[in-house]
Amino acid sequence: MLRPSYLDLIEAVNKDVQPGEEPLVQSRYSIVLASAKRARQLIDGEEPLISSKDAENKPLSIAVQELYRGKVKIVRDQDKEE
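Just so it is clear, the model here is predicted, and its values are computed rather than measured.

Rules used in this analysis
Residues numbered from 1 in each chain as written. Predicted model: local features only at pLDDT ≥ 70, side-chain atom pairs only at ≥ 80, totals over all residues. Heavy atoms only, no water. Helix = DSSP H or I, 4+ residues; strand = E, 2+ residues; numbered from the N terminus. Buried < 20%, exposed > 50% of the residue type's maximum accessible area, 1.4 Å probe, protein only. Contact = heavy atoms within 4.5 Å. Areas by Shrake-Rupley, 256 points an atom, 1.4 Å probe, with all protein chains shown as cover. Axes fitted to C-alpha atoms, helices over the stretch in contact; angles between N-to-C directions. Parallel < 35°, antiparallel > 145°, perpendicular 65-115°, else oblique. Nonpolar A, V, L, I, M, F, W, Y, C, P; charged D, E, K, R; others polar. Salt bridge = Lys/Arg side-chain N within 4 Å of Asp/Glu carboxyl O.

Trainee: Help me understand the overall build of the protein chain in this model?
Mentor: Within the protein chain, the regular secondary structure consists of four helices and zero strands. In the protein chain, the succession of α and β elements from N to C terminus is α-α-α-α. In the protein chain, which comprises 82 residues, the share counted as buried stands at 28%. Within the protein chain, contacts between residues separated by at least 24 positions form 45% of all contacts whose residues are at least 6 apart in sequence. With the model as given, the accessible surface of the protein chain reaches about 6,000 Å², and the carbon-plus-sulfur share is 49%.

Shown next, in the form of structure tokens:
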């Protein structure tokens, strides 16, 4: 089981959202997709943004820790177009 929990991840990702704004991540599904996408990027050769010893050297563990620590930001598709 990965730590932090998905609830902790959702809270960490949404910490910069202002009151009244829609949270970036609202469900477990969204946080799983974001983690999986980052893990695939790491597998494809991107450099980790945290020390690999902090995350057991596994791409998914590294991706989860990067999201939790705020090293990776989630961007909505509609924000990309603007």
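That was the structure; now back to the text.
Trainee: Sorry if this is basic, but what is going on with the packing of helix α1 (residues 6-13) against helix α2 (residues 28-43) here?
Mentor: Packed helix pairs are specified by the crossing angle of their axes together with the interaxial distance, meaning the distance between the axes. Put simply, α1 and α2 touch, their axes get as near as 10 Å, and they point 80 degrees apart. On the basis of their axis angle, the class for α1 and α2 is roughly perpendicular. Touching Tyr6, Leu9, Ile10 and Val13 of α1 are Arg28, Ile31 and Ser35, all from α2. For the contact of α1 with α2, a count of residues per class yields five nonpolar, one polar and one charged.

Trainee: Just to check I follow, could you spell out the environment of Arg69 for this structure?
Mentor: Topologically, Arg69 is positioned in helix α3 (residues 59-69). On the accessibility criterion, Arg69 (36% relative accessible area) is partly exposed.

Trainee: For this particular structure, what's the right way to read α3?
Mentor: An α-helix turns once per 3.6 residues; consequently, residues spaced three or four apart project the same way. Here α3 has its buried residues at Ser61, Ile62, Ala63, Val64, Gln65, Glu66 and Leu67. Against α1 and α2 lie the buried residues of α3. Just past α3, the residue Gly70 takes up positive phi, approximately 80 degrees.

Trainee: Teacher, can you tell me more about the pattern of salt bridges here?
Mentor: Side-chain pairs of opposite charge can arise where the charged atoms are in close proximity. By the definition in use, this model includes three salt bridges. A salt bridge links Lys73 to Asp16, with the shortest nitrogen-to-oxygen separation between them at 3.8 Å. Placement of Lys73 in the loop between α3 and α4 (77-81) and of Asp16 in the loop between α1 and α2 is noted, with a sequence separation of 57 residues between them. The partner of Glu46 in a salt bridge is Arg38, and the shortest N-O contact between them spans 2.9 Å. A network of salt bridges, in which partner residues are shared, links Arg38, Glu46 and Glu66.

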